[in-house]
Amino acid sequence: MDIEFVRSRFIKHFDGTTGSIYASPGRINLIGEHTDYNGGFVFPGAVDKGIMAEIKPNGTNKVCAYSIDLKDYVEFGLNEEDAPKASWARYIFGVCREMIKRGVDVKGFNTAFAGDVPLGAGMSSSAALESTFAFALNDLFGDNKIDKFELAKVGQATEHNYCGVNCGIMDQFASVFGKEGSLMRLDCRSLEYQYFPFRPEGYRLVLVDSVVKHELASSAYNKRRQSCENVVAALKKKYPNVEFLRDATLEMLAEVKAEVSEEDYKRAEYVIEEIQRVLDVCEALERNDYETVGQKMYETHHGMSKLYEVSCEELDFLNDVAFDCGVTGSRVMGGGFGGCTINLVKNELYETFIITAKERFKEKFGRSPKVYDVVISNGARKIC
Ligand code: GAF
């Protein structure tokens, strides 16, 4: 992201003065999908693409926000009834409200922001936006008294309360806590985390974007979460200590098979297996065993496609192409219903894989997928 670009737009759009600049990244996730809201493990890292915003208090109680990319300008107040209509502005409004709920005396400000996280690619541009503003408002109005854990929760609560997505904590956590060159294993129940330096010698991580965006992704996502909660409710009758699917085994699940729908059962089966896969991948990484890491990624894809049913034809196709090319690991990344596959590719296979994926995808779907190299980067920060 280019500081001068954002600054020039801020100056042009407002009164010619400058404010402070903040930035937060999007994320990748090596493994552990739809496990976060089940109290399980995830394995994300922040990327070198994100949102950058210039912000300056304006002495009023009004937020004046300009989206540089959308060339859209919105003003809103800071009370609950002042929620703006534009969906992008609701993220900023939600963050303001959540900070206010946590005792921060948020006042009006001017802001212009831009981003380079591809939208709908499953790299969480929304978490990048939330973290940028949570971090900034904490600095500008809160004496930085809200800790980083709570800043991540501000982003998550914004999704729940103002954007209609009952997401887990992974995206916001990765965006706030990201560390250059490291992925993090996060226990989403306790929020304990551990950085894993990730520079796999001889391999590259690459995202292949199907450029498919599912219109109803949020409601389908919430439905998946509901399925998991239904199964937890059934398990609880037999095992009162079960709070999340994280607390269950496949054997326990089998015991309640008759009490849950077939669909909910499949969802839970995937989640329980996926939580274990994260731990297996961490162990494999400690031995530099990338073959096992890759194999687990393919298993995840299979589960997301056949049990959790959050893949789509285009993503399954990209996964098959990766397999045919001998790519070590490949799977749909993020919430699903479109977006990217994440691929662990041997250096010497990289060119062939990318060329083949582009050619075969175009042949089948009449358009090219996009390709992004992954650089694992730092989390939310003040730039100047
Ligand atoms: C989305 C959500 F926002 C995350 O919380 C997570 O559940 C992810 O989908 C799937 O792993 O990005």
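The name given to the chain in an unreviewed UniProt entry is Galactokinase, and the organism recorded there is Phocaeicola coprocola. Regarding the chain, the relevant UniProt record gives this comment under Sequence similarities (unreviewed entry): "Belongs to the GHMP kinase family. GalK subfamily."

With that settled, consider helix 6 (residues 217-238). Counted at 1.5 Å a residue, the expected span for helix 6 with its 22 residues is 32 Å, and the 33 Å between its end C-alpha atoms agrees. Considering only its buried residues, helix 6 is in contact with helix 7 (250-255) and helix 8 (262-286).

In this section: the UniProt feature "domain: GHMP kinase N-terminal" (unreviewed entry) in the chain. The sites that carry the UniProt feature "domain: GHMP kinase N-terminal" (unreviewed entry) are, in the present numbering, residues 91-179. The span residues 91-179 shows a helical share of 58% and a strand share of 8%, and its end C-alpha atoms are spaced 24 Å apart.

Right, let's get into the sheet that holds strand 13 (residues 381-382). Ordered in space as 5-4-6-3-1-13, the 6 strands form an open sheet in which the pairing is mixed. Two strands close off the open sheet at either side, each with one partner strand: strand 5 (72-77) and strand 13. Across 2 bridges, strand 1 (residues 20-29) lies against strand 13 in antiparallel orientation. Bridge assignment links tyrosine 22 to a residue of strand 13, and that residue is lysine 382. Seen against the sheet, helix 1 (residues 3-13) touches strand 1, strand 3 (44-57), strand 4 (62-67) and strand 6 (109-115) and runs at an angle of roughly 140 degrees to strand 6. Each of strand 1, strand 3, strand 6 and strand 13 touches helix 3 (residues 125-141); the most contacted strand, strand 1, lies at about 145 degrees to it.

Looking now at the UniProt feature "domain: Galactokinase N-terminal" (unreviewed entry) in the chain. Residues annotated by UniProt as "domain: Galactokinase N-terminal" (unreviewed entry) correspond here to residues 9-57. A distance of 17 Å separates the end C-alpha atoms of residues 9-57, which is 10% helix and 53% strand.

Turning to its location among the elements, tyrosine 270 is positioned in helix 8. Classification of tyrosine 270 by C-beta neighbours within 10 Å gives buried; the count is 27. Distance from tyrosine 270 to tyrosine 308, taken between C-alpha atoms, is 6.3 Å for residues 38 residues apart in sequence. Setting aside chain neighbours within four positions, we find tyrosine 270 in contact with Gly303, Leu307 and Tyr308.

Below, the discussion takes up the sheet that holds strand 7 (residues 182-187). Ordered by their spatial adjacency, 3 strands build an open sheet running 2-7-8, and the pairing between neighbours is antiparallel. Only two strands of the sheet have a single partner each, and these edge strands are strand 2 (41-42) and strand 8 (193-197). As defined by bridge partners, strand 2 adjoins strand 7 across 2 bridges and the pair is classed as antiparallel. Considered in strand 7, the bridge of phenylalanine 41 is made with aspartate 187. Of the strands in this sheet, strand 2, strand 7 and strand 8 are in contact with helix 5 (residues 170-177), which crosses strand 7 at around 135 degrees.

In this section: the nonpolar core. Core analysis: the biggest nonpolar cluster contains 108 residues, and Ile92, Val95 and Leu137 have the highest contact counts within it. Once you skip the residues sitting within four places of it in the chain, isoleucine 92 turns out to touch Val63, Ala65 and Phe133.

Among the 10 residues in strand 1, 9 count as buried, and that is most of the element. Alignment of strand 1 against strand 3, held across 9 bridges, turns out to be antiparallel. Its bridge partner being in strand 3, isoleucine 28 is matched across the sheet by glycine 45.

Moving on to the pairing of strand 6. By the criterion of burial, strand 6 is predominantly enclosed, with 6 of the 7 residues buried. As paired elements, strand 3 and strand 6 share 7 bridges and run antiparallel to each other. In the strand pairing of strand 6, glutamate 54 is matched with alanine 112. Sheet topology places strand 4 next to strand 6; 5 bridges connect them, and they run parallel.

Further remarks concern the domain arrangement of the chain. Along its sequence, the chain is organised into domain 1 (1-197) and domain 2 (201-371). Taking only C-alpha atoms, the centre of domain 1 and the centre of domain 2 are 26 Å apart. Opposite the 27 residues of domain 1 that make contact, domain 2 presents 34 residues. When contributions to the side of domain 1 that touches domain 2 are tallied by element, the ones reaching two or more residues are strand 1 and strand 2. In terms of residue class, the side of domain 1 that touches domain 2 is built from 12 nonpolar, 12 polar and 3 charged.

About the thresholds
Residues numbered from 1 in each chain as written. Predicted model: local features only at pLDDT ≥ 70, side-chain atom pairs only at ≥ 80, totals over all residues. UniProt positions renumbered as here; feature names shortened; annotations may be inferred. Helix = DSSP H or I, 4+ residues; strand = E, 2+ residues; numbered from the N terminus. Expected span 1.5 Å × (residues − 1). Contact = placed C-beta atoms within 7 Å. Pairing = 2+ DSSP bridges. Axes fitted to C-alpha atoms, helices over the stretch in contact; angles between N-to-C directions. Buried ≥ 20, exposed ≤ 12 C-beta atoms within 10 Å, placed from the backbone. Core = buried A, V, L, I, M, F, W, Y, C linked by C-beta atoms within 7 Å. Domains from an automatic or database assignment. Nonpolar A, V, L, I, M, F, W, Y, C, P; charged D, E, K, R; others polar.

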